[in-house]
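The primary structure of each chain is shown beneath.
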Amino acid sequence: VLQLFPETILYVVGEGPLRDKLVELVSEMKLNSKVQLLGAKPSAEVKALLKKATLFVFPSLWEGFGLALIEAMASGLPSVASDIPAVREIVGDSKAALLVPTKDVQELAKGICFLLSSPDEQEAMGQRARELVRERFDLRKLAPRWLEVYEQVLKK
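Reference entry: report on the structure contained in this document. (Residues numbered from 1 in each chain as written. Predicted model: local features only at pLDDT ≥ 70, side-chain atom pairs only at ≥ 80, totals over all residues. Heavy atoms only, no water.)

Side note on the sheet that holds strand β5 (residues 98–100)
Read across the open sheet, the 3 strands follow the order β3-β4-β5; overall the sheet is parallel. Two strands lie at the open edges of the sheet, namely β3 (56–58) and β5, each paired on one side alone. Each adjacent strand pair in this sheet contributes to an overall mean axis angle of 15 degrees, direction not counted. Here strand β4 (residues 79–82) pairs with β5 via 3 bridges, running parallel. Pairing of V80 across the sheet is with L98, part of β5. (Pairing = 2+ DSSP bridges. Helix = DSSP H or I, 4+ residues; strand = E, 2+ residues; numbered from the N terminus. Axes fitted to C-alpha atoms, helices over the stretch in contact; angles between N-to-C directions.)

Take a look at the structure:
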């Protein structure tokens, strides 16, 4: 990605068991000015980062739900994400995110470069993402559905 887009900076938000290895790898590769490991951040700071971002990258190997992806999509960000069940459940066939095989660094990089080189697709995908989140994950729409399920369960 940096070969084609040298101005790119990757912000990594969150913590995990591989953080120390990631810090070491960033240092070994002399990428300290291009990769910022921000650690865990409060919701307000995450929202501010999403507003500044050009795109969202979600190379997860496994997710129970994928809330971070939904938050990015709600912000209107185009996304490159791992093709895992939780992400497929969120995105479906909407083309609201670009899905790539897990652990395939080349495909991930190709997806990122494609979006960085395609402002029109960034805009279109971001719009599709925002609409999908409004349609499928808006609490005002979900709450009545949940209430129906609870009422049906209570009737049994």
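Section: the pattern of salt bridges
By the definition in use, this model includes 6 salt bridges. In this structure, the salt-bridge partner of E15 is R19, at a minimum N-O distance of 3.7 Å. For E15, a relative accessible area of 54% gives the class exposed. Between D138 and R140 there is a salt bridge, and its shortest N-O distance comes to 2.8 Å. When its relative accessible area of 17% is taken as the criterion, D138 is described as buried. (Salt bridge = Lys/Arg side-chain N within 4 Å of Asp/Glu carboxyl O. Buried < 20%, exposed > 50% of the residue type's maximum accessible area, 1.4 Å probe, protein only.)

Examining the environment of R134
Within the element layout of this structure, R134 appears in helix α6 (residues 119–137). As for R134 and A96, which are separated by 38 residues in sequence, their C-alpha atoms are 12 Å apart.

Considering the nonpolar core
Grouped together as the largest cluster of nonpolar side chains are 19 residues, with contacts concentrated most on F56, L69, M73, V87, I90 and V91. Looking at this core, the elements with two or more residues in it are α2 (43–52), β3, α3 (67–74), α4 (85–91) and α6. Apart from residues lying up to four places away in sequence, F56 is in contact with L50, A68, L69, A72, L77, P78, S79 and V80. The next biggest cluster of nonpolar side chains, apart from the first, holds 7 residues, and it includes V100, L108, I112 and M125. (Core = buried A, V, L, I, M, F, W, Y, C linked by side-chain atoms within 4.5 Å. Contact = heavy atoms within 4.5 Å.)

Side note on the packing of aromatic side chains
One pass over the full model with this rule turns up 2 aromatic pairs. Where F65 meets F137, the ring centres are 6.2 Å apart and the plane angle is 80 degrees; that geometry is what we call edge-to-face. Within this pair, whereas F65 is found in the loop between β3 and α3, its partner F137 is found in helix α6, the two being separated by 72 residues in sequence. For F65, a relative accessible area of 43% translates into the label partly exposed. (Phe/Tyr/Trp six-rings, centres within 6.5 Å; stacked < 30°, edge-to-face > 60°.)

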